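# Residue-level structure breakdown
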Amino acid sequence: MADSILIMHCKEGAKRALARMTEEGYKLPARFKTFELPCTGSVNEVLLMENLQNGASGVIVLGCRKENCKHMDGNLRAERKVARIKKMLSEAGVEGRFVEMVFAAPDEGKRLHDTLLRLAHAGHSEGKEK
Amino acid sequence: MSDSIVAVICDHQCSSKGPLQAANLTKRLANTTTVDKLIVLDKACQDPEKKLQRVAGKKILFAGCPYLEESGFYTLAAEKLGLKPGEMLVTDIKSSILDLYDDADVIEENLIGRLESLSRLLADSVALKDRPVKLKRSVLIFGSGYSGLKAALELSGGKLSVDLVETEDPPLAPGCLAEGLRSPNLIEELTERVRTSEDVAVFPETAMGPIRSVEQGFTVSFNGGEAREYGSVIFAPERTEAPAEEIGSWNLTQAYKRIHEHQPIKGRIVFVLDRRSETPPEVIQDILTAAKVIKERTNAEVWILLKQLRVALPGLQELYDLTREMGVIFVKYRNLRLQNEFGDFNITGEDPQTGALFRISNPDRVIIPGPGGLGASALKAAETLGLRLLGEQYTQPYSLWRLANESNHPGVLVCGSARGNMDGDGVAADAASMVQALKARMTPEGITPVEHVASVDAEKCVYCLTCVRLCPYHAMVKNIEDRVAQPITTACQGCGICAAECPAEAITLRNLSQESVLAAMQAL
Amino acid sequence: MIVAEQKPITDILDMLPEGKRILVVGCDTCVTVCLAGGEKEVKVLSAALRMAKKQFDEISGVSIERQCDGEFIDEIREQVAAADVVLSMACGAGVQMMSDFFPDKPVLPALNTLFMGSNEGAGYWMERCLGCGDCVLDLTAGICPRTRCSKGLMNGPCGGSENGKCEVDPENLDCGWNLIYQRLKSLNRLDAMMPIRPPQDWSKSHDGGPRKLIREDVQL
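The rules behind the values
Residues numbered from 1 in each chain as written. Chains lettered and ligands numbered in written order. Predicted model: local features only at pLDDT ≥ 70, side-chain atom pairs only at ≥ 80, totals over all residues. Heavy atoms only, no water. Helix = DSSP H or I, 4+ residues; strand = E, 2+ residues; numbered from the N terminus. Buried < 20%, exposed > 50% of the residue type's maximum accessible area, 1.4 Å probe, protein only. Contact = heavy atoms within 4.5 Å. Areas by Shrake-Rupley, 256 points an atom, 1.4 Å probe, with all protein chains shown as cover. Rg over C-alpha atoms; globule rule 2.2 N^0.38 Å. Lys, Arg positive; Asp, Glu negative; His and termini not counted. Salt bridge = Lys/Arg side-chain N within 4 Å of Asp/Glu carboxyl O. Polar contact = N/O pair within 3.5 Å; in protein donor to acceptor, adjacent residues only side chain to side chain. Disulfide = S-S within 2.5 Å. Buried area = accessible area lost by both parts, 1.4 Å probe. Nonpolar A, V, L, I, M, F, W, Y, C, P; charged D, E, K, R; others polar. Pairing = 2+ DSSP bridges. Axes fitted to C-alpha atoms, helices over the stretch in contact; angles between N-to-C directions. Arc of directions from axis to C-beta. Domains from an automatic or database assignment. Phe/Tyr/Trp six-rings, centres within 6.5 Å; stacked < 30°, edge-to-face > 60°. Parallel < 35°, antiparallel > 145°, perpendicular 65-115°, else oblique. Left-handed = near helix turned anticlockwise from the far one by under 90°. pLDDT = per-residue confidence, 0-100.

## Digging into the overall build of chain B
Along chain B, the regular secondary structure elements total 17 helices and 27 strands. Within the span of chain B, comprising 524 residues, buried residues form 54% of the whole. Intrachain contacts of chain B at a sequence separation of at least 6 include 68% that bridge at least 24 residues. Just so you have it, chain B exposes about 24200 Å², and 48% of that area is on carbon and sulfur atoms.

Next comes the structure, spelled out in C-alpha cells:
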C-alpha cells in the first residue's frame, strides 16, 4: 500500500464517473487504488489521516458534483474536512503526502482523468501543490 | 471464527484484453487468510442459472462488471443461494480494475488486493435478520395539482387506499400554465376523474384537522369526523412564482397569462437568467418551455441570457441544443446592466469570452423568472405533517435520486416533488417517481433497514445532538429516557454522515465499521 | 459547557521537544462536544505529529472520560510512565490536574480554553458566562450584562449603543443592554431596570488565587 494514491469515492455519482472514465478508454497509473463508500460524507478526518500515516502517499476523496449529493450535503462536508486536513498537513510541514477533494459527474470522463493525474503529479513534486 | 468466504469472479471474456488468467489468481489467493475458495465463471452473463449451479457458500464475494448488476445477475444469485444482505458483497472489477490499468501484473495485483480487501469486510459482516416493519396501506396525498392528481389515479384501485387533500385554488405556476396551453382541459379532466373515482376520497384542505402520530403511522380527521389512519403521505404542493424584481419586466407567470389570454407577443423577447441569484435548474426547464412556446406561437425574436460562470449546470446542454434548434439566440454574459429609463429599455453586457460589449435596445419584453416558493397553505400543511423544509422550498430539490423516506412519525413514508419544476413532462416524471418510490418501500413484507443502517453505542454517546441535527433524513432522534441518540432504523439510508461527524465516535454503520473500513483499505 | 479550541499545530510543534516520546491525552467530556480534544482529535493530531517534519520518538494517543477527576487520570499511569512528555487535549483545568498528578513530566496544553458557553447550532458556540460568582440574571431577564455588554455595565446602555448595536463592532455585536431592555419589555418587567444597582462585587469573581467550593456536608 506504500506510495499508493487511494481514491475514496461514493457509490453514486462518483462511482459512475469512474466507470464512465474507463469506458471512454482513460486509464490510471498503477499506484492508484479505489475504495467505495456509501457517501463521501462518511469520510472523516481519522480515515484520511490514518491512511496517510499508514503509508499512502495521497488520498483523493471523490464525490458527486456539488448539487447532486443524494444525501444532500455529504460531499460538501467531505470537502470541508479535506480542507482542514490539508491545512494541518501543510502547517506541520508534512512532505510527500497529500489529500484532495474532487467533485465529478458521470459525463466528465476526460476532465476527471486529467484532474486525477494532475493531482497525483503535483502531490509528488517537491514543492507543495497550490 | 467467521464463516468461510467464497469469491466468485467472472472471467470477463468480453474484455478487450481477453479472459482473466485464473490460475495465477487461485494460487495467490490460496496464500491469503480471507478468501477460502475462488470460483471462476466463464461468461457469467450467459445462461446465469446454469453458471450459478457451480456456486455454493455461506458468504460470497462477487466480482463482475456493471452489466451483471444491471441485468439482475446478483439478485438472481442472492435468491438462488439464499443469501441475505450481509452475506454477500458485489464489486465491479471491470471499470475499476480491468479497464483502469494497462499492465497485466498491475491488474493482477489489484485484483488480489480488491478481493482481499473486500473479503475482510465480508468476514466481519453479519446477515440482516431484522423483521420488516409493517406499514398501513393507506396514503394521504396533499395537493390537487397535476402531480397529486396523477399520483392519486396511479395508486388507487389496488390494495392501497388513497385520500386526496384538495388545496384551494392556487395561482397557477408557469409550468402548469404551459401545460395548459398544450392540453387546455388537462387539469379539469384529471380532477373530474379523481372526483368520480370510487377509490379516492377527496377532502378540502380547509377541513383538515391536526395530525396525530400513532404506532407506525399517523392520523388526520377531516371535518371533525373519525380519525383516518395513514402509513404514508405524498406531498405534492404547487410552486408559486414571486414577481420579477426588475421594474418593467415580467415573470413567467405573467408571460403565460398573456399567451393564454391571446394577447399579442411580438418583437424581441429577452429572458434574463441569474439576475440576482442563481436560477435553479427547474426554473431553467420552465424557461426552455416558455421559449419554445413563444417561438412556436409567435413571430417574436427570442433571446436567453445566462451568466458566464455556469459551467456544470444540469440542463445546460439542453439549453444549447434547443436554442440552436429553435433559433433562439443564446448569449452568455458578464456584467449585465438593465437600464429602464422612462420606457426606454436597454440591456448591455460583456461577452465573457471576447470581452466585447453587446447591447440589446428596446426589447419588447424582458422576462425574468421570479423566485419560486410554496404557497401559504402548502407551508402550513408541511408544518402540520412535520416535513423538513429548506427555507420555503420543499427539501428535495434538483435530483430525482431522492427516495421516499420517513418523517419523524415512525412508520410514515414521505414522498414529494422530486424536482419542483412545473413543466408538464417534468411533473409527470415527478408523479411517476413518487409513486414508484412509495411502491418500492411499501412492499407486502413491509420496510427493512438498509444494510449499512446506523447504530449508536449508548455508552459512548454524549448526547450532543450533532447527529440529530444533521441527518438528512431526520432519522436520528433523541431517546429521552436513555439520554442518547437513536436511529429510526427504517428511515436511515446508511449514508454514514452521522458516523463521520459524531464527536464521540459513538455511531457505527452495520457491516461498515470504521475499523473494518480501515483494515480493508490497508489490504488494497 | 467549557469551550476550547485547538492551538495551531505550528504552536504545538514548537512546544514539543524533538526526539522524545509523546503521549497525547484526550478528554471525553466538554472538549469532545466542542470538537477540540476528543478521541477523534487525539487520533488526528497523533497522526499529524507522526508525519510532521519535526521528528519525535514515539507518539501514543489515549483518551479518558475527564481530566478534571483524578480517578480517570489514574487509569493511564502506565502510559504516562512510558512517555517523556504529555500533550493534554483537555481544557485548562484538565491540563493542570494532569500536571499535579505527574509533576515529574512536562504536561503541555494542546488547546486554548476559551469560555463557558452554549451551543447555538451545529459548529457554533458562544460565550455566555464569566463565572463572576454573583449572578444577576434575575434582574436582566436572563441576559448577562457582564458577557453581553462590552463594558459590563450594571445600569443600562452607554452612549455607544446605536440601532441596537454596540459601537465596539456595530455590524456584528448586539448591545447587551438593548437586548435586556427588549426582553424585559416583552416580559412586562421594565420596572426591573429602574432601581440603580451598585457596582458588582468582583471579589466574588476570580480574585486573589483560585476560588474554591467546599461542601462540608459531602466531605468525608
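## Comments concerning the overall build of chain C
Helix and strand content of chain C: seven helices and nine strands. For 220 residues, the compact-globule estimate of 2.2 N^0.38 gives 17 Å, and chain C exceeds it by more than 25% at 22 Å. In terms of its C-alpha atoms, chain C occupies a principal-axis envelope of roughly 65 × 50 × 30 Å. Of all 220 residues assigned to chain C, the portion counted as buried reaches 40%. Of the contacts made within chain C by residues no fewer than 6 positions apart, 60% connect residues no fewer than 24 positions apart.

## What about the side chain of C:Lys7?
All names here are of chain C. In this structure, Lys-7 sits in the loop between strand S1 (2–6) and helix H1 (9–15). Here Lys-7 is buried and forms no salt bridge, its nearest opposite-charge partner Asp-11 lying at an N-O distance of 5.6 Å. Of the polar contacts made by the side chain of Lys-7, one reaches the side chain of Asn-112; its length is 2.7 Å. Once residues within four sequence positions are removed from consideration, Lys-7 is found in contact with Ile-12, Met-15, Pro-109, Ala-110, Leu-111 and Asn-112.

## Examining the state of the cysteines
Residues and elements named next belong to chain B. One pass over the full model with this rule turns up zero disulfides over all chains. Cys-495 supplies the cysteine sulfur nearest to Cys-471, a cysteine that is in no disulfide, at a spacing of 6.2 Å. Unpaired in terms of disulfides, Cys-492 finds its nearest cysteine sulfur in Cys-498, a separation of 6.2 Å. Classification of Cys-492 as buried rests on a relative accessible area of 9%.

## Points about the interface of chain B and chain C
Facing the eleven residues of chain B at the interface are ten residues of chain C. Of the roughly 790 Å² buried between chain B and chain C, counting both surfaces, carbon and sulfur atoms make up 51%. Contact with chain C buries surface across chain B, with B:Arg469, B:Pro503 and B:Glu505 losing the most and accounting together for 60% of the total. For the pair chain B and chain C, the interface holds one salt bridge. Residue C:Lys43 is joined to B:Glu505 by a salt bridge in which the shortest nitrogen-to-oxygen separation is 3.0 Å.

## Overview of the interface of chain B and chain A
Each partner contributes to the interface: chain B provides 43 residues, whereas chain A provides 40 residues. As a salt-bridge pair, A:Arg77 and B:Glu501 come within 3.1 Å of each other at their nearest N and O atoms. Among the elements that line the side of chain B that touches chain A, the one with the most residues is helix H17 (residues 514–522) of chain B, at six residues. Here the residues of the side of chain B that touches chain A sort into 24 nonpolar, eleven polar and eight charged.

## Topic: the sheet that holds S1(C)
All names here are of chain C. With antiparallel pairing, the three strands of this open sheet are ordered in space as S1-S6-S7. Edge positions in the sheet fall to S1 and strand S7 (124–129), since each has one partner strand and no second. Averaged over all pairs of adjacent strands, the angle between strand axes in this sheet comes to 70°, irrespective of strand direction. Relative to S7, strand S6 (residues 111–121) runs antiparallel, the two sharing five bridges. Residue Gly-121 lies in a different strand from S7, and its bridge partner there is Tyr-124.

## Here's the deal with helix H9 (residues 186–196) of chain B
Residues and elements named next belong to chain B. Leu-186, Leu-190, Thr-191 and Val-194 are the residues of H9 that are buried. One side of H9 holds all its buried residues, which, seen down the axis, span an arc of 125°. Exposed positions of H9 whose direction lies more than 90 degrees from the buried face are Glu-188 and Thr-196.

## Concerning the domain arrangement of chain C
Here chain C is described as being made up of domain 1 (2–115) and domain 2 (132–199). Between the C-alpha centres of domain 1 of chain C and domain 2 of chain C there is a distance of 39 Å.

## Examining helix H6 (residues 92–101) of chain C
Given 3.6 residues per turn, any residue in an α-helix points the same way as the ones three and four places further on. All names here are of chain C. Every buried residue of H6 is listed here: Gly-94, Val-95 and Met-98. Down the axis, H6 shows its buried residues gathered within 100° of arc, on one side only. Among the exposed residues of H6, those oriented more than 90 degrees off its buried face are Gln-96 and Asp-100. Close packing links the buried residues of H6 with strand S2 (22–27), helix H4 (70–74), strand S4 (85–88) and strand S5 (107–109).

## Some points on the packing of aromatic side chains
All names here are of chain B. The tally for this structure, following the rule as stated, stands at five aromatic pairs over all chains. Here Phe-62 and Phe-73 contribute two aromatic rings whose centre-to-centre distance is 6.4 Å and whose plane-to-plane angle is 85°, an arrangement assigned as edge-to-face. Separated by eleven residues along the polypeptide, Phe-62 in strand S3 (residues 59–64) and Phe-73 in helix H4 (residues 73–81) bring together distant segments of the chain. Phe-73 shares its class with Phe-62; the two are buried. Here the aromatic cluster, defined as three or more aromatic residues joined through ring pairs, consists of Phe-62, Phe-73 and Tyr-74.

## A word on the side chain of B:Ser221
Residue and element names in this part refer to chain B. Structurally, Ser-221 can be placed in strand S9 (residues 217–222). Taking relative accessible area as the criterion, Ser-221 reaches 17% and is therefore assigned buried. Ignoring sequence-local partners within four residues, the contact set of Ser-221 consists of Ala-207, Met-208, Gly-209, Pro-210, Glu-226 and Ala-227.

## Things to note about the pattern of salt bridges
Following the criterion strictly, the structure yields 27 salt bridges over all chains and no others. The closest approach of N and O atoms between B:Arg28 and B:Glu108, which form a salt bridge, is 3.2 Å. Of this pair, B:Arg28 sits in helix H1 (residues 22–30) while B:Glu108 is found in helix H6 (residues 104–123), placing the two residues 80 residues apart along the sequence. According to the relative accessible area criterion, B:Glu108 is buried, its value standing at 16%. Of the charged contacts in the structure, one is a salt bridge between B:Arg228 and B:Asp163, with a shortest N-O distance of 2.6 Å. With B:Arg228 in strand S10 (residues 228–230) and B:Asp163 in strand S6 (residues 161–166), this residue pair connects regions lying 65 residues apart in the sequence. Assessed through its relative accessible area of 32%, B:Arg228 is described here as partly exposed. Given the relative accessible area of 4%, B:Asp163 is considered buried. Each of A:Asp73, A:Arg77, A:Lys81 and B:Glu501 takes part in one network of salt bridges that share partners.

## Let's talk about the sheet that holds strand S14 (residues 301–307) of chain B
Residue and element names in this part refer to chain B. Strands sit in the order S17-S16-S15-S14-S13-S18 across an open sheet of six strands; the sheet is mixed. In this open sheet, the two strands that pair with only one neighbour each are strand S17 (357–361) and strand S18 (365–367). The mean inter-strand angle of the sheet, taken between neighbouring strand axes irrespective of direction, is 35°. Pairing between S14 and strand S15 (residues 329–341): five bridges, direction parallel.

## Side note on the packing of H1(B) against H6(B)
Residues and elements named next belong to chain B. One can describe the packing of H1 onto H6 by two numbers: an axis separation of 11 Å at closest approach and a directional angle of 45°. In terms of their interaxial angle, H1 and H6 are classed as oblique. Both H1 and H6 take part in a crossing whose hand is right-handed. Packed against H1, whose contacting residues are Asn-24, Leu-25, Arg-28 and Leu-29, the element H6 presents Glu-108, Glu-109, Leu-111, Ile-112 and Leu-115 at the interface. Considered class by class, the residues forming the contact of H1 with H6 number five nonpolar, one polar and three charged.

## Comments concerning the confidence of the model for chain C
Confidence along chain C averages 94 in pLDDT terms, with 100% of residues attaining 70 or more. Across the predicted assembly, pTM comes out at 0.75 and ipTM at 0.91.

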